[in-house]
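# Reading the structure
Each chain, letter by letter, is given below.
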Amino acid sequence: MTEEKKYNVDSFNLDHTKVTAPYVRLAAEKTGEKGDIVSKYDIRFTQPNKEFMTTGAIHTLEHLIAEYIRDELPGIVIDFSPMGCRTGFYFTVWGKHSEEYMAEHLVNVLRKVSVWDKPVPATTEKECGNYKDHDLEGAKKWAARWVEGITTKGWNCYK
């Protein structure tokens, strides 16, 4: 029996062939020297190795979700960042929270994103490092699809 290699990066150890998107998965939980807890979630929009979001759509989702999740969960959001594989995002927060709790709040934000009819925030040359690469219609499509998937199958990655 050969032992599988363990990587330093949690997501590299995830068997991407066994999960079912969309989902919310607690990827890591760390306790700092002073007892502060930081939790990182894998927020998957697409099925790994089957499909991915365009850079414009994922960039627009990142702008909208990163801005408005802070209204939904005040005081706990550290970061909301796209995955390099373009299948989802990493969501980092202060404290311990259930995957279901995080999914409920993301559903609230993504429902708003799915019908967004205002300008995307921070899309000028001064505010954004790639301000020309946005796709609001694509972002709305992925947001609606994520909400529908989570509502239908639940937040768990193994369903």
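Above this text sits the structure in question.
One structure accompanies this document, and this report is about it. Just so we're clear, the structure is a prediction, and the values are computed from it rather than from any experiment.

Another aspect to go through is the overall build of the protein. Scanning the protein from terminus to terminus reveals four helices and four strands. Helices and strands in the protein line up, N terminus first, as α-β-β-α-β-β-α-α. In terms of overall dimensions, the protein has C-alpha extents of about 55 × 40 × 30 Å along its principal axes. Considering the protein as a whole, with its 159 residues, one finds that 42% of them fall into the buried category. In the protein, the share of contacts with a sequence separation of at least 24, taken over all contacts with a separation of at least 6, comes to 68%.

A few words on the environment of I76. Relative to the helices and strands, I76 is located in the loop between α2 (55–72) and β3 (77–82). For I76, a relative accessible area of 16% gives the class buried. Placed 70 residues apart in sequence, I76 and W146 show a C-alpha to C-alpha distance of 22 Å.

Let's shift gears to the packing of helix α3 (residues 99–114) against helix α4 (residues 136–153). Interaxial distance between α3 and α4 falls to 8 Å at its minimum, and their mutual angle equals 140°. As α3 packs across α4, the resulting crossing turns out to be left-handed. Within the contact between the two elements, α3 uses A103, L106, V107, L110, R111, V113 and S114 and α4 uses A139, K140, A143, A144, W146, V147, I150 and T151. Along the lines of polarity and charge, the residues of the contact of α3 with α4 split into 11 nonpolar, two polar and two charged.

Our next topic: the packing of aromatic side chains. Taken as a whole and judged by the stated rule, the model has six aromatic pairs. Consider the rings of Y7 and F12, whose centres lie 5.9 Å apart with planes at 85°: the pair is edge-to-face. Taking relative accessible area as the criterion, Y7 reaches 41% and is therefore assigned partly exposed. Between the aromatic rings of Y68 and W116, the centroid separation amounts to 5.1 Å while the plane-to-plane angle is 40°, which identifies the pairing as tilted. Of this pair, Y68 sits in helix α2 while W116 is found in the loop between α3 and α4, placing the two residues 48 residues apart along the sequence. Using a relative accessible area of 26% as the deciding quantity, one classes Y68 as partly exposed. Taken together through their ring pairs, the aromatic side chains of F45, F80, F89, F91 and W146 make up a single cluster. Above the plane of the ring of W116 lies K118, whose end atom (NZ or CZ) is 4.8 Å from the centre.

The rules behind each value
- Residues numbered from 1 in each chain as written.
- Predicted model: local features only at pLDDT ≥ 70, side-chain atom pairs only at ≥ 80, totals over all residues.
- Heavy atoms only, no water.
- Helix = DSSP H or I, 4+ residues; strand = E, 2+ residues; numbered from the N terminus.
- Buried < 20%, exposed > 50% of the residue type's maximum accessible area, 1.4 Å probe, protein only.
- Contact = heavy atoms within 4.5 Å.
- Axes fitted to C-alpha atoms, helices over the stretch in contact; angles between N-to-C directions.
- Left-handed = near helix turned anticlockwise from the far one by under 90°.
- Nonpolar A, V, L, I, M, F, W, Y, C, P; charged D, E, K, R; others polar.
- Phe/Tyr/Trp six-rings, centres within 6.5 Å; stacked < 30°, edge-to-face > 60°.
- Lys NZ or Arg CZ within 6 Å of the ring centre and 35° of its normal.

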